[in-house]
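Report on the structure
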Amino acid sequence: MTHYSFDPRENVLPCLAEIIGPKQNFSLKMIVDTGATYTMIPKFAAVIIGIDLQGRNIKIATGTKVERATLVNIPLFRAFGVEFRNFPVLVHDLPPQIKADGLLGLNFLKKSKAIIDFSKNSIKFQ
């Protein structure tokens, strides 16, 4: 089991993620978001690593409205020392006031069997 600590004074649970595509690798500043169904990365990052943005368009509910995002597979997605091949992510840009590149959503947290323990300020992966 892999264990990571977080600062309980912060309002977000930050992490670094790496996306590996056909052209190159890229690191992203992410926020763990238990309210996000899918992990989300920005369009510029998908383009940099060489992802074809002709994926399936789906509707997503943001804090204020319903928008469209593209669902694509990332050849290799890595965060918290856990990696998945052909991992589905949404390509959608977060508002500029959010100080992160993307969101680490439930599709990653469930698949990696994450346990977030706020009493111990830790997140564990099985």
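Above this note sits the structure.
Residues numbered from 1 in each chain as written. Predicted model: local features only at pLDDT ≥ 70, side-chain atom pairs only at ≥ 80, totals over all residues. Heavy atoms only, no water.

1. Structural notes on the environment of valine 32
Formally: In this text, helices come from DSSP runs of H or I with a minimum length of four residues, and strands from runs of E with a minimum of two, each type numbered from the N-terminal end. The contact criterion used throughout is that any non-hydrogen atoms of two residues lie within 4.5 Å.
Following the sequence through the fold, valine 32 ends up in strand S3 (residues 25-32). In this structure valine 32 touches Leu13, Cys15, Phe80, Leu104, Leu109 and Ile116, once residues within four positions along its chain are discounted.

2. Details of the environment of glycine 55
Note the cut-off: Exposure categories follow from relative accessible area, calculated using a 1.4 Å probe and restricted to protein chains: below 20% of the type maximum is buried, above 50% is exposed, and the middle band is partly exposed.
Mapped onto the elements of the fold, glycine 55 is located in the loop between helix H1 (43-49) and strand S5 (56-61). Among the residues examined, glycine 55 registers a relative accessible area of 32% and is labelled partly exposed. Separated by 48 residues in sequence, glycine 55 and leucine 103 place their C-alpha atoms 19 Å apart.

3. A look at the pairing of S5
When a strand is regular, its side chains alternate between the sheet's two faces. Put simply, the rule is: Between any two strands, pairing holds if DSSP finds at least two bridges.
Of the pairings in the sheet, the one linking S5 to strand S6 (residues 66-79) comprises six bridges and is antiparallel in character. Following the sheet pairing, alanine 61 is matched in S6 by valine 66. In sequence, S5 turns back onto S6 through a hairpin of four residues.

4. Looking at the packing of aromatic side chains
For the record, the criterion: Whether two aromatic rings pair depends on their centres lying within 6.5 Å, for rings of Phe, Tyr and Trp, where Trp uses its six-membered ring; planes under 30 degrees apart make the pair stacked, over 60 edge-to-face, and the rest tilted.
Within this structure, the stated rule accounts for eleven aromatic pairs. Measuring from centroid to centroid gives 5.5 Å for phenylalanine 84 and phenylalanine 108, while their planes differ by 75 degrees, and the two rings are edge-to-face. Residue phenylalanine 84 is found in strand S7 (residues 82-91), and its partner phenylalanine 108 is found in helix H2 (residues 106-111); the two are separated by 24 residues along the sequence. For the pair phenylalanine 84 and phenylalanine 108, one class covers both residues: buried. Among the aromatic side chains, those forming a connected cluster through ring pairs are Tyr4, Phe77, Phe80, Phe84, Phe87, Phe108 and Phe125.

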